[in-house]
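Observations on chain architecture
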Amino acid sequence: MSKSTDPTGFEELDEYIRHLRSKGRKETTLYNNRAILRSILSDLKDNGMGWKAADIGEDEIYWMEEFYADDHSEVSRQVYERMLSRFVHHFTGKDPAKEADILHNDDTGSGNVYFITMDQFVELYRNGDRTDRLILILGAYMGLRRAEIAGIREDDIRDGQMIVRGKGHGKNGKVSKLDIPPRVMKEISDYRQYKAEYSKGCTWTHLVEAPKMNSRMEPLSIAAIGKRMNNLKHVTGIEFSTHSLRRLFATTLYYEAGTDLITIKNLMRHCKYETTVSRYIAPLKKKEREASERLMSVFDEAFGEI
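Values in this document were obtained by computation on a predicted structure and should not be read as measured data. Along each chain, residue indices are assigned from 1 in the same order as the chain's sequence is written. Thresholds applied to this predicted model are a pLDDT of at least 70 for local features of residues and 80 or more for the giving and counting of side-chain atom pairs; totals over whole chains, interfaces and linings are not thresholded and use all residues. Neither water nor hydrogens contribute to the side-chain values; these are computed over all heavy atoms in the structure.

What about the side chain of T131?
Applied cut-off: Secondary structure elements are taken from DSSP: a helix is a run of H or I of four residues or more, a strand is a run of E of two residues or more, and numbering for both begins at the N terminus. Any two residues whose heavy atoms approach within 4.5 Å are treated as being in contact.
Note on placement: T131 falls in helix α7 (residues 130–142). Setting aside its immediate chain neighbours within four residues, T131 contacts Y191, Y194, V208, E209, A210, L220 and R228.

Quick word on the packing of aromatic side chains
For clarity, the threshold we go by: Pairing of aromatic rings covers Phe, Tyr and Trp, the last through its six-membered ring, and needs centres within 6.5 Å; plane angles under 30 degrees mean stacked, over 60 mean edge-to-face, and all others mean tilted. Exposure categories follow from relative accessible area, calculated using a 1.4 Å probe and restricted to protein chains: below 20% of the type maximum is buried, above 50% is exposed, and the middle band is partly exposed.
Counting across every chain of the model gives six aromatic pairs. Taking the centre distance of 5.5 Å and the plane angle of 85 degrees together, the rings of Y16 and F87 count as edge-to-face. Residue Y16 is found in helix α1 (residues 11–22), and its partner F87 is found in helix α4 (residues 74–92); the two are separated by 71 residues along the sequence. As far as the burial class goes, Y16 and F87 line up, both buried. A centroid spacing of 5.6 Å and a plane angle of 50 degrees characterise the contact between Y191 and Y194, whose relative ring orientation is tilted. Here Y191 and its partner Y194 are both found in helix α9 (residues 182–197), three residues apart, which amounts to about one turn of the helix. Accessibility expressed as a relative area gives 2% for Y191, which makes it buried. Residue class for Y194 comes out partly exposed when judged on its relative accessible area of 23%. Here a set of aromatic residues connected by ring pairs shows up, and it is made of Y16, F87 and F91.

A few points about the sheet that holds strand β1 (residues 157–158)
Here is the rule: DSSP calls a pair of strands paired once it identifies at least 2 bridges connecting them.
Strand order in the open sheet formed by three strands is β1-β2-β3, with antiparallel pairing between adjacent strands. If you trace the sheet from one side to the other, it starts and ends with β1 and β3 (174–179), each paired once. For β1 and strand β2 (residues 161–166), the ladder comprises two bridges, and the chain directions are antiparallel. For I157, the partnering residue across the bridge sits in β2 and is M162.

Notes on unusual backbone geometry
Its identity is not glycine, yet D159 carries a phi of approximately 55 degrees, on the positive side. The topology assignment puts D159 in the loop between β1 and β2. Even without glycine at this site, W204 takes up a positive phi of about 60 degrees. Among the secondary structure elements, W204 is positioned in the loop between α9 and β4 (209–211). Overall, W204 belongs to the partly exposed group, its relative accessible area being 38%.

Details of the environment of H72
Structurally, the position occupied by H72 is in the loop between α3 (58–67) and α4. Those residues within four positions of H72 in sequence are excluded, and the remaining contacts are R77 and Y80.

Comments concerning the pattern of salt bridges
Operational definition: Take a side-chain nitrogen of Lys or Arg and a carboxyl oxygen of Asp or Glu: if they are within 4 Å of each other, that pair is a salt bridge.
A complete count under the given rule lists 13 salt bridges for this structure. Among the salt bridges present, the one from R145 reaches E148, with a minimum N-O distance of 2.7 Å. Accessibility classification places R145 together with E148 in one group, the buried group. Linking K186 and D190 is a salt bridge whose minimum nitrogen-to-oxygen distance equals 2.9 Å.

A few points about a nonpolar patch on the surface
Filter applied, for reference: Residues enter a patch when their relative accessible area is above 30% and they make no salt bridge; the linking distance is 9 Å between like charges and 5 Å between nonpolar side chains (Val, Leu, Ile, Met, Phe, Trp, Tyr). Accessible surface is estimated by sampling points in the Shrake-Rupley manner with a 1.4 Å probe; for residues, cover comes only from the protein chains shown.
A cluster of nonpolar side chains, L295, M296, F299 and F303, forms an exposed patch at the surface whose accessible area comes to about 400 Å². Examined against the element boundaries, M296 turns out to sit in helix α14 (residues 285–303).

Here's the deal with helix α10 (residues 222–236)
Stated precisely, the cut-off is as follows: How far a helix is expected to stretch is found by multiplying one less than its residue total by 1.5 Å. Picture the helix axis, draw a direction to every C-beta atom, and the arc is the one those directions span.
Taking 1.5 Å per residue as the helical rise, α10 with its 15 residues ought to reach 21 Å, and the 22 Å between its terminal C-alpha atoms agrees with that figure. Residues I225, G226, R228, M229, L232 and K233 constitute the buried set of α10. Buried residues of α10, seen end-on, are gathered within an arc of 160 degrees and therefore sit on one face of the element. Exposed residues pointing more than 90 degrees away from the buried face of α10 are listed as A223, K227, H234 and V235. Taken together, the buried residues of α10 touch α6 (118–127), α7, α8 (146–151), β4 and α11 (242–255). A positive backbone phi angle near 80 degrees is found at G237, which sits one or two residues after α10.

Focus: the nonpolar core
Within soluble globular proteins, side chains that are nonpolar tend to cluster in buried spots. Quick note on the threshold: Put simply, buried Ala, Val, Leu, Ile, Met, Phe, Trp, Tyr and Cys residues joined by side-chain atoms within 4.5 Å make one nonpolar core.
In this structure, L136, L138, L144, M162 and V208 are the most contacted members of the largest nonpolar core, which totals 34 residues. Secondary-structure elements contributing two or more residues to this core are α6, α7, α8, β2, α9, α10 and α11. In terms of residues, this core owes the most to one element, α7, which gives seven residues. Look past the residues within four positions of M162 in its chain and what remains in contact with it is L138, M142, L144, I152, D156, I157, S176, K177, L178, I180 and I188. Of all hydrophobic cores here, the second largest spans 24 residues; its members include I17, M64, M83 and F87.

Right, dumping it as structure tokens:
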């Protein structure tokens, strides 16, 4: 059995363990952090995900949720995600588990999971600027993640389809070709016109760009997209995150469009439909109440006048 002082094969992890030791952490704590984080980082690296602290973000957290779903309980996955986030935070100040905003079961004590209604989405759209609106539309109409939105290049859009590059299994990640709904295509066309008319120009490399330091438009980073949505949250008072848009996408497909779960899973680019059901489709109290009323009517009819 390796000691907590042995090299792990990951320089940042060795440094992090030394940091914990300097803080007076118990040997058992050091050993557990070393063993679990080494396993997580190895899995991330072997599957083409970010494994250095600066490269670990919400996509890696989503990937962990799916990758460990079969062999680890929900509580264990939360522990692993928090442990990895503390490791990342030590080097970068980021908290990827918080950014990912994973929906866990209520009995785990996890909070800050936001589902938004269609009315709230419309309110967010009304209060957003041109760039905010495109981000909102791409998230809610196509279920795109923040990193996927940031990564869309101009030449990824052609013939009514969009190439979406998301992190996932394998060295090349997940590459999907998605049909672009007419409403989204109109938003993209209007946004391109907005970029073309911007007096200081833009790069025309990525789809989503915004003015930077009173100069030409530049592609938005993942963090910049999150910041924009956070600002919109404060303006409207609506509690939501960028991932709430994917939840709205899934919930609307299921309840309003009557789409089957397998199709929703494919559209969201999940490996398993259980991920879609447990984390993205909001339980609607109205539906629960209607189901209860239907059940009572069945019993009432069966009992008759007894």
